[in-house]
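# Coordinate inspection notes
Here is how the chains run, residue by residue.
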Amino acid sequence: MQNVDFNDIRRLLINLPTDHDADGDHRPRIGDVFAPEQHASALAPSTLIVVGARGAGKSFWAGVLGQPDTRELAAEVYPRLGLDRVLVTFGYNGFDTGSAVTKRTVEARTRSGGHDVAVSFWQSVLLRAALEAIEDPEAEEPISSFMTKYADPEDYEARLRQVDRQLDAADKTSLILFDALDTLSREWGRLTLLTDALFEACWMLRARRRIKAKVFIRPDQLNDEGLKFVELPKLRSGRIELDWSRADLYGLLFTRMAEAEVAVQGKSFAALCKRAGYPVPATNAERIRRWELASSENAQKILIDRIAGPYMGRSATKGATYPWTYKHLADGRDVVTPRSFLKLFVEAARHAPALQNQAITAEGIRHGLREASKTRVEQLALEYPWIKRALAPLAGLKVPCPSWEIHDAWIASDTANVITKAAKDEGFLPPYHHASSDEAEESLEAAMARIGVLAYRTDGRADMPDLFRIASRMLKLGGVALKSRK
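What you see is a predicted model; the values in this text were computed from it and never measured.

## Considering the overall build of the protein
- A count of helical and extended segments in the protein gives 23 helices and 7 strands.
- Since a compact globule built from 486 residues should have a radius of gyration of about 23 Å, the 24 Å found for the protein is in line with a globular shape.
- Principal-axis analysis of the C-alpha atoms places the extent of the protein at approximately 75 × 65 × 35 Å.
- The burial tally for the protein puts 55% of its 486 residues in the buried class.
- Of the contacts formed within the protein by residues at least 6 apart in sequence, a portion of 72% connects residues at least 24 apart.
- As displayed, the protein has an accessible area near 21,500 Å², and 49% of this comes from carbon and sulfur atoms.
- One finds the centroid of the 67 positive side-chain charges in the protein at a distance of 6 Å from the centroid of its 66 negative side-chain charges.

Here is the structure:
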């Protein structure tokens, strides 16, 4: 039987990718694809709204649909979705590629007008993207030309019907993707207007059989109280959320490890899986659909016990390893993102000293949690530039605690005013639309709870999940220490 070298497995973990974009250098590749069954609905051409927090996989799935090779794999894994007959183009994804418009184009074509101009703009984007799907030369024209040429709604509808019939005759469906919508504007009002108009333009496509749109969006954007589109309740009720269960995340980890080992022509991970009774299938599609380690918690627990040891200490008193990682990476809404989960294991593998009979240690996993916490706060700050200013005054505070203790820390450091001024000076979205000086701290606390940074105990005290608490240097009795043991 093949020997298992845990140093090889440790190196596999260290080199696992943890980040993807919809396009560009970090777009997903075949070996990165792992598709939980419940995510199949998110890939369906008929699903318009896909909701997920940062790191939940929005850009990853947009990228999987957008790349021919990864879409082909998804079509093989989920044949009922008909992805083999889908022509994918981007409407907006933050990149200057193909038919996708850039933020500068959005700004230039919509700044001078209100809601109607924004709807006309997005309709033009949809039509041009559909034309690119059928390789019509008109798709080469600028969006400004489309807005002028199809200003009359009857002309627009007639052209759209023509494209729809052409796609139907070819038994193809044009799927137009929108991702990274939070980058459209740094002003709440503008972002709300553009999002509202996009929803309306996409909703109008429901009369078309072969032209579909899919919008990947953050939960707080979808729940923006400023959105006024009359059909918004229907959009929200039909949304698909990118939730990852514990089994999904371990399945993702093990399929990524198996693929990484194939790439380096290693054998140790495959040998370990075989010893555990779960040999690695030959193809990626088989690993996704039939491998016990992709979906069975019992099988996953057996393997993680061999990779990291069964307990987070010398005995069961410190907790079992398998559930520990998921529990400590959850935010205030019990959401764990693939990015945080993979980051923990990558950093755990980097932690020294290493053991000869397992790839990572309990202390390494705690170190991985600390690094995942830092990364998560840094990533959150990209979407919410105010978050570090809100967390900094809370350093040293012990949670759980009454809300007034958090408010007192913010009042002492004038945090609400600091954030409001910085939002104006630096041009980012503040955590709330409007708040008087009397309710600023309450509004800030509500904003943090809304994005999962704060949670509440049954007795009403505020708590902060380890995922954010550690990077914020807040204390918790019995919680993971802020620093590694010497």
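Let us keep going from here.
## Some thoughts on the pairing of strand β3 (residues 173-178)
- Most of β3 is tucked away: 6 of the 6 residues are buried.
- Side chains of β3 alternate between two faces, with T173, L175 and L177 and S174, I176 and F178 buried alike.
- Pairing of strand β2 (residues 86-92) with β3 involves 6 bridges; the strand directions are parallel. Pairing of T89 across the sheet is with I176, part of β3.
- Relative to strand β4 (residues 211-217), β3 runs parallel, the two being bridged by 5 bridges. Counted as the bridge partner of I176 is A213 from β4.
- Taken together, β3, helix α9 (residues 188-203) and β4 constitute a β-α-β crossover, and its handedness is right-handed.

## Quick notes on the nonpolar core
- Counting 114 residues, the largest nonpolar core has L253, F254, F269, I307, W386, I387 and M448 as its most contacted members.
- Not counting residues within four places of it along the chain, the set of residues in contact with F269 comprises I9, L12, F254, M257, A258, E261, W291, L303 and I307.

## A few points about the side chain of E138
- Relative to the helices and strands, E138 is located in the loop between α6 (115-133) and α7 (143-149).
- Judged by relative accessible area, E138 falls into the buried class, the value being 9%.
- Side-chain polar atoms of E138 contact the side chain of R159, separated by 2.7 Å.
- Look past the residues within four positions of E138 in its chain and what remains in contact with it is L131, F146, K149, Y150 and R159.

## Topic: the packing of helix α17 (residues 338-350) against helix α18 (residues 362-383)
- Contact geometry for α17 and α18: axes closest at 7 Å, N-to-C directions at 135°. Looking at the two axes, α17 sits oblique to α18. The two elements α17 and α18 cross, and the hand of that crossing is right-handed. Residue-level inspection shows R339, S340, K343, L344, E347 and A348 of α17 in contact with α18, the latter providing G364, I365, H367, G368, L369, E371, A372, T375, R376 and Q379.

## Some words on the pattern of salt bridges
- One pass over the full model with this rule turns up 34 salt bridges.
- Here R159 and D136 are joined by a salt bridge, their closest N and O atoms 3.0 Å apart. Of this pair, R159 sits in helix α8 (residues 153-169) while D136 is found in the loop between α6 and α7, placing the two residues 23 residues apart along the sequence.
- Classification of R159 as buried rests on a relative accessible area of 12%.
- Two residues, D305 and K301, come together in a salt bridge whose shortest N-O distance is 3.0 Å. With D305 and K301 both in helix α15 (residues 297-308) and 4 residues apart, the pair spans about one turn of that helix.

## Here we look at the packing of aromatic side chains
- Summed over the entire model, instances satisfying the criterion amount to 12 aromatic pairs.
- Ring centres of F60 and W61 lie 5.1 Å apart, and the angle between their planes is 75°; this geometry places the pair in the edge-to-face category.
- Assessed through its relative accessible area of 9%, F60 is described here as buried.
- The cationic tip of K149 hangs over the ring face of F146; the distance from NZ or CZ to the ring centre is 5.9 Å.

Conventions and cut-offs
- Residues numbered from 1 in each chain as written.
- Predicted model: local features only at pLDDT ≥ 70, side-chain atom pairs only at ≥ 80, totals over all residues.
- Heavy atoms only, no water.
- Helix = DSSP H or I, 4+ residues; strand = E, 2+ residues; numbered from the N terminus.
- Rg over C-alpha atoms; globule rule 2.2 N^0.38 Å.
- Buried < 20%, exposed > 50% of the residue type's maximum accessible area, 1.4 Å probe, protein only.
- Contact = heavy atoms within 4.5 Å.
- Areas by Shrake-Rupley, 256 points an atom, 1.4 Å probe, with all protein chains shown as cover.
- Lys, Arg positive; Asp, Glu negative; His and termini not counted.
- Charge placed at Lys NZ, Arg CZ, Asp CG, Glu CD.
- Pairing = 2+ DSSP bridges.
- Right-handed = clockwise from strand over helix to strand, strands pointing away.
- Core = buried A, V, L, I, M, F, W, Y, C linked by side-chain atoms within 4.5 Å.
- Polar contact = N/O pair within 3.5 Å; in protein donor to acceptor, adjacent residues only side chain to side chain.
- Axes fitted to C-alpha atoms, helices over the stretch in contact; angles between N-to-C directions.
- Parallel < 35°, antiparallel > 145°, perpendicular 65-115°, else oblique.
- Left-handed = near helix turned anticlockwise from the far one by under 90°.
- Salt bridge = Lys/Arg side-chain N within 4 Å of Asp/Glu carboxyl O.
- Phe/Tyr/Trp six-rings, centres within 6.5 Å; stacked < 30°, edge-to-face > 60°.
- Lys NZ or Arg CZ within 6 Å of the ring centre and 35° of its normal.

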